[in-house]
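Understanding the architecture of this molecule
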Amino acid sequence: MALEMDSVPSLVLSVLAILVTLIFLMSTSKKKNSINRSSNKKLPPGEMGLPWIGETLEFHKAQRSNRLLEDFIQPRMTKHGNIFKTRLMGSPTVLVSGAEANKFFLSNEFKLVVSSWPSSSVQLMGTDCIMQKQGERHRCIRGAIASSLSCTGLEALVPKICSSIDKHLSKDWHGRDTVSLYPSVKKLSFSIVLECLLGIDVEPGMLEMFEGVVEGAFAAPVNLPGCRFWRAKKARLEIEKKLVGVVRRKREEMEQKVRREEERRLLSGLVLGLMKGEMSEKEVVDNVVLLVFAAHDTTSFAIAMICRMLALHPNCHSRLVEEHVEIAGSKRPGENLTLEDTKKMKYTWQVARESMRMFPPIFGSFRKAIVDIEYEGFTIPKGWKVLWTAYGTHYDSQCFPEPLHFNPSRFEEPIPPYAFVPFGGGPRLCAGYQLAKLNILLFLHFMVTHYDWSLLHKDETITADPLPFPSQGMPIKIAPKQPCK
Ligand code: HEM
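Residues numbered from 1 in each chain as written. Predicted model: local features only at pLDDT ≥ 70, side-chain atom pairs only at ≥ 80, totals over all residues. Heavy atoms only, no water.

Focus on helix H2 (residues 56-64)
Among all positions of H2, only Thr56, Phe59, His60, Ala62 and Gln63 are buried. The buried residues of H2 occupy an angular sector of 165° when projected down its axis, which confines them to one face. Exposed side of H2, more than 90 degrees from the buried face: Leu57 and Lys61 are the residues found there. Those residues of H2 that are buried are in contact with helix H3 (68-80), strand E1 (83-88), strand E8 (385-389) and strand E10 (462-464). Once H2 ends, the next one or two residues include Asn66, with phi positive near 55°. (Buried < 20%, exposed > 50% of the residue type's maximum accessible area, 1.4 Å probe, protein only. Helix = DSSP H or I, 4+ residues; strand = E, 2+ residues; numbered from the N terminus. Arc of directions from axis to C-beta. Contact = heavy atoms within 4.5 Å.)

What follows is the structure, given as structure tokens:
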């Protein structure tokens, strides 16, 4: 009882402090709105919600249940149109939809807008990663990534990826009759980006450390013991320690000119930049973390959704299997697949694109206006955030007739520019697009030529935390196939 009495004054003081803060925030936000009115700037329509917090809770709730389009975007678009304002995570934000808007905002990166991720993501991925870079620094890092994914780079990657998949299936699938597809493919995609692209050996516990970082990427940036963000920062520090060791060892090796055959791997390219003084050690480490973060959750979700759609559409599955049986049949026993073979996987890529249209692994991303922007008769004030989303066009019947219908053949026809944007667009178009494509095509090749499989739960829900994933890990029943030849 005494304790309760003691806590009364502090409770009253806390409530008073919250009230004063709310009144202050409301009056400043009103002032800002009236400034915009008095300077004749017409803001987009929409509700700003509560002070600071805005509509963040509604947004997160919809995102977590993978119903961002149905529960957040569509109701507001019906009320306000293709462009509306809201407030998310403390920032006034304008959400834009449609191919024209995608083109306008994505292609005007660095001129009108810059990439703008939440503070927690920036701290966890690293302030020197590509997402945070602009102009010359951005071009330099993209150049290093692009050189590993050039035509020669991709040709060299194919046998490495095939060998990773083969090893993975022998270790994790062989002799089993059920597999949790999503975690299995995640482990595989993780080792493909680290070992095949970067040239870094996967050590036990590494995947879990990266997972720990991802979990805090959209958490409130509260660095207090026990909080999500605090746990994620701890995981980030562990990874950083490991990667600094890896980078220094690689530098020593390269200075002594050993393991020269490895020099086409991306880590060698980044370390070469470090040796030439074009990059700092922190830039190398932050970009390795970012690449792993960008690569493995996205690719594994894409593969899981492709498999789900194939299981639900047996005709598409049969056509896809035929394509792979023909390719496998054209090889001698033990002969490796080549980049040319992946180019023959045309129908498979249509299936993959149609699945990513319906289930984009990244719903969109944030930009920040660096000048006042005039768009569609509205002003987006400098400093406001802009959120472009893939859903805005992926489910638009003008761009994709009967958008709820799974129809891979729609990708036989050209798609209007900036209507299909699972990989973004403009100067920040996904830098790992080609690796993601190889990973998806080659995994499906091995899966459908080596196994008969079926989903255990046809209506498994998709959740997001922060990226989407099948809530039960997508268990599948598998049985080895007789060799194709
Ligand atoms: C299906 C798989 C993938 C999807 C759907 C995807 C999607 C995206 C999207 C939408 C963006 C643009 C974000 C923005 O506009 O702010 C992006 C950027 C990026 N992605 Fe991917 N990604 C995938 C796989 C990968 C892989 C495998 C890698 C690396 C090897 C990768 C590396 C990157 C990088 C480095 C960027 C930043 C580019 C920049 O800022 O210039 N991604 N990705």
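Details of the coordination of the iron atom of the ligand
Ideal geometry at a metal gives 109.5 degrees between four tetrahedral donors and either 90 or 180 degrees between six octahedral ones. Here the protein supplies the iron atom of the ligand with just one donor, Cys430 (SG), and that contact is 2.3 Å long. Positionally, Cys430 belongs in the loop between helix H16 (391-394) and helix H17 (433-450). (Donors = N, O, S within 2.8 Å, 3.2 Å for Na, K, Ca; no water.)

A word on the pattern of salt bridges
On inspection of all chains with the given rule, the structure shows 31 salt bridges. Arg248 is paired through a salt bridge with Glu281; the nearest N and O atoms lie 2.8 Å apart. Residue Arg248 is found in helix H10 (residues 228-255), and its partner Glu281 is found in helix H12 (residues 281-312); the two are separated by 33 residues along the sequence. The class for Arg248 is partly exposed, based on a relative accessible area of 47%. Residue Glu281 is classed as partly exposed on the basis of its relative accessible area, which comes to 24%. Residues Asp452 and Lys481 are paired through a salt bridge, measuring 3.9 Å at the closest nitrogen-oxygen approach. Note that Asp452 is positioned in strand E9 (residues 451-455) and Lys481 in the segment after strand E12 (475-480), a separation of 29 residues in sequence. With relative accessibility at 25%, the residue Lys481 sits in the partly exposed group. Linked by salt bridges that have partners in common, Asp128, Lys133, Arg137, Arg236, Glu240, Lys282, Glu283 and Asp286 make up one network. (Salt bridge = Lys/Arg side-chain N within 4 Å of Asp/Glu carboxyl O.)

Details of unusual backbone geometry
Positive phi is not limited to glycine here, since Trp52 has a value of about 55°. Along the chain, the position of Trp52 falls in the loop between helix H1 (2-38) and H2. The class of Trp52 is exposed, set by a relative accessible area of 52%. At Tyr418, a residue that is not glycine, the phi angle is positive and equals roughly 65°. Checked against the element boundaries, Tyr418 lands in the loop between H16 and H17.

Here's the deal with the packing of aromatic side chains
The full count for this structure, using the stated rule, is 15 aromatic pairs. An angle of 75° between the planes, with centres 6.0 Å apart, marks the rings of Trp173 and Phe443 as edge-to-face. A residue pair is termed long-range when its members are at least 10 positions apart, and Trp173 in the loop between helix H7 (151-172) and strand E4 (178-180) and Phe443 in helix H17 qualify at 270 residues. Classification of Trp173 by relative accessible area gives buried; the value is 0%. Seen from their ring centres, Tyr391 and Tyr395 are 6.4 Å apart, and the 40° between their planes marks the pair as tilted. Judged by its relative accessible area of 9%, Tyr391 is buried. (Phe/Tyr/Trp six-rings, centres within 6.5 Å; stacked < 30°, edge-to-face > 60°.)

Topic: the site of the ligand
Inspection of the region around the ligand gives 26 residues, with His138, Ser365, Arg367, Arg428 and Cys430 positioned closest. Here an oxygen atom of the ligand and a side-chain polar atom of His138 are 2.7 Å apart. Between the ligand and the protein, one listed contact pairs an oxygen atom with a side-chain N or O atom of Arg428 at 2.7 Å. Here the shell around the ligand gets seven residues from one element, more than from any other, and that element is H12. Among the residues forming the shell around the ligand, the class breakdown is 17 nonpolar, six polar and three charged. (Near = heavy atom within 4 Å. Polar contact = N/O pair within 3.5 Å; in protein donor to acceptor, adjacent residues only side chain to side chain. Nonpolar A, V, L, I, M, F, W, Y, C, P; charged D, E, K, R; others polar.)

Digging into the sheet that holds E12
Reading across the sheet, the three strands line up as E4-E12-E9 and stay open at both edges, with antiparallel pairing between neighbours. With partners counted over all chains shown, the strands left at the sheet margins are E4 and E9, one partner each. On average, each strand axis in the sheet is tilted by 35° relative to the strand beside it, whichever way the strands run. In this sheet, E12 lies alongside E4 in antiparallel orientation, the contact comprising three bridges. Considered in E12, the bridge of Ser180 is made with Pro475. In this fold helix H8 (residues 181-198) packs onto E4 and E12, with an angle of close to 65° to the strand it touches most, E4. (Pairing = 2+ DSSP bridges. Axes fitted to C-alpha atoms, helices over the stretch in contact; angles between N-to-C directions.)

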